[in-house]
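# Examining the three-dimensional arrangement
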Amino acid sequence: MVAPIMSDFSALFEPMQWGNILKVQFNLGEVPDEALISNINVVPFVGRWAVVVKTAAGTYEVPGGTLEPNEPYMETIRRELLEEAGAAIKPGGAFMQVGYWHCQSLLEKPYRPHLPYPVSFRVVGFADVEIIAEPLNPDDGEQIVSVEILTIADAAQRFTMAG
C-alpha cells in the first residue's frame, strides 16, 4: 500500500523548504516522538464530503494550527476544528493519523518558546466530523470567512485555484 502512494505522489515525499523558516519532509505513519509535535492538520469529512475553510486572505485550507503550552495534540485537533470549521469529531469517531511533516527550523530561536526546537513534527490526518457551530475566529487565529463541504475533486480544485 505504501509503495503505490509514494510513487503516485512522489513530490509529496521530496525534501522541501517552506520559505526561510523550515526544511521539511513528509513521512507516512505515526510520529516517532509525541514530545516533538508542534502543529497539526486535520482533513475533516462529513460522510464522503471534504470540509475546507476559506480564509479572509482568500486561501483555501484544512483546519490546523500550533499547540498551545501544555496542550496535548489531540486537544489541539479538537480546538482547531472548532475554531476554524465550527466542527467536532463525531461521537464515537476518531482522528486517524496518516503521516507527519518532519520539520527542521531555520530560525535562530523557536517560533514560540514552548515549542520543540530545532526539530519538530506536524501531524497530518483525517476525521469524520459534524458541523456544530460557526467558526470561532479567535483574534489570534486565522479569520475564516466560509466553511465549504465539497466532493474531494471540488476541494482539490479550490486548493489548486488558490495556488
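What comes next concerns the included structure. Residue positions are given per chain, counting from 1 as you read along its sequence in written order. Predicted model: local features are reported for residues with pLDDT of at least 70 only, side-chain atom pairs are reported and counted for 80 or more only, and whole-chain, interface and lining totals are derived from all residues. As a convention, hydrogens and water are excluded, and side-chain values are obtained from all of the structure's heavy atoms.

## Observations concerning unusual backbone geometry
In this structure, Pro118 follows Tyr117 across a cis peptide bond, with omega equal to 0°. Even without being glycine, Asn70 reaches a positive phi, approximately 60°. Helix and strand definitions here come from DSSP, where helices need a minimum of 4 consecutive H or I residues and strands a minimum of 2 consecutive E residues; each element is numbered from the N-terminal end. Looking at where Asn70 falls in the secondary structure, it is placed in the loop between strand 6 (64–66) and helix 2 (73–85). Not every positive phi belongs to a glycine, and Asn137 is a case in point at roughly 50°. Note that Asn137 resides in the loop between strand 9 (119–131) and strand 10 (144–150).

## Focus on helix 2
Here the expected span of a helix is defined as 1.5 Å times the quantity of residues minus one. Taking 1.5 Å of rise per residue, 13 residues should cover 18 Å, and helix 2 covers 17 Å from first to last C-alpha, within 8% of that figure. Categorising residues by exposure relies on relative accessible area from a 1.4 Å probe, with only protein chains included: less than 20% of the type maximum marks a residue as buried, more than 50% marks it as exposed, and the intermediate range marks it as partly exposed. Restricting attention to buried positions, one finds in helix 2 the residues Tyr73, Thr76, Ile77, Arg79, Glu80, Leu81, Glu83, Glu84 and Ala85. Phi for Gly86, located one or two positions after helix 2, is positive at around 65°.

## Description of the pattern of salt bridges
Each reported salt bridge corresponds to a side-chain nitrogen of Lys or Arg within 4 Å of a carboxyl oxygen of Asp or Glu. For the structure shown, the criterion picks out six salt bridges. Note that Arg112 is salt-bridged to Glu68, the shortest N-O span being 3.8 Å. With a gap of 44 residues between them, Arg112 in the loop between strand 8 (95–105) and strand 9 and Glu68 in the loop between strand 6 and helix 2 connect regions that are remote in the sequence. The exposure class assigned to Arg112 is partly exposed, which follows from its relative accessible area of 24%. In this structure, a network of salt bridges that share partners links the residues Glu71, Arg79, Glu80 and Glu83.

Any link to function would need more than the numbers given here.
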